[in-house]
Amino acid sequence: MNYSEAIREVLERLKDKESTKNMKLSSVKAKEIIDTLFEVIADSLRNGVEVRLMPYVGFSVKTLPPRKIHNPAILRFSEIGERKVIKIKPYVSIKSSVQ
């Protein structure tokens, strides 16, 4: 599923919900909802705050230490400095729906 398909799917599911039947929803509004959610997640991770979207998924930032790598093209070792990576942990509801 790509980005535009996800927006269409969110829009369709929101239109089917009883609580949103009277709301005027458009694909633009669904896009704003999705974009805002990911902006909030990104801002929180940037500030070092772990994000838990219970019962679905959790996001955190992990700092990887510096390490040496081998470049076979130039036959040399190089060092990669410390870096941060996003760690995504699916919770039980997502895991069980896939299995």
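Procedures and definitions
Residues numbered from 1 in each chain as written. Predicted model: local features only at pLDDT ≥ 70, side-chain atom pairs only at ≥ 80, totals over all residues. Heavy atoms only, no water. Pairing = 2+ DSSP bridges. Helix = DSSP H or I, 4+ residues; strand = E, 2+ residues; numbered from the N terminus. Buried < 20%, exposed > 50% of the residue type's maximum accessible area, 1.4 Å probe, protein only. Axes fitted to C-alpha atoms, helices over the stretch in contact; angles between N-to-C directions. Parallel < 35°, antiparallel > 145°, perpendicular 65-115°, else oblique. Contact = heavy atoms within 4.5 Å. Nonpolar A, V, L, I, M, F, W, Y, C, P; charged D, E, K, R; others polar.

Let's hear about the pairing of strand β2 (residues 57–64): which residues, and what values?
Note: strand β1 (residues 51–53) against β2, three bridges, orientation antiparallel. The residue bridging R52 from the neighbouring strand is G58, located in β2. Bridge count between β2 and strand β5 (residues 83–90): eight bridges; the pairing is antiparallel. For V57, the partnering residue across the bridge sits in β5 and is P90.

Go over the environment of E12 with me, naming the residues and quoting the values.
Its location among the elements puts E12 in helix α1 (residues 3–16). Exposure remark for E12: the relative accessible area of 44% places this residue in the partly exposed category. With 42 residues separating them along the chain, E12 and M54 place their C-alpha atoms 23 Å apart.

Any chance you could break down the sheet that holds β1 for me, citing the residues and the numbers?
Paired through backbone hydrogen bonds, the strands of a sheet run either parallel or antiparallel to each other. Here three strands make up an open sheet; going across it, the order is β1-β2-β5 and the pairing antiparallel. Pairing within the sheet leaves two strands with one partner each, and these edge strands are β1 and β5. Each neighbouring strand pair of the sheet contributes to a mean axis angle of 25°, computed without reference to strand direction.

Which residues make up the packing of α1 against helix α2 (residues 27–46), and what values go with them?
The N-to-C vectors of α1 and α2 enclose an angle of 110°; their axes lie 9 Å apart at closest approach. The angle between the axes of α1 and α2 places the two elements in the roughly perpendicular class. Contacts from Y3, A6, I7, V10, L11 and L14 of α1 reach α2 at S27, A30, K31, I33, I34 and D35. Broken down by class, the residue content of the contact of α1 with α2 amounts to nine nonpolar, one polar and two charged.

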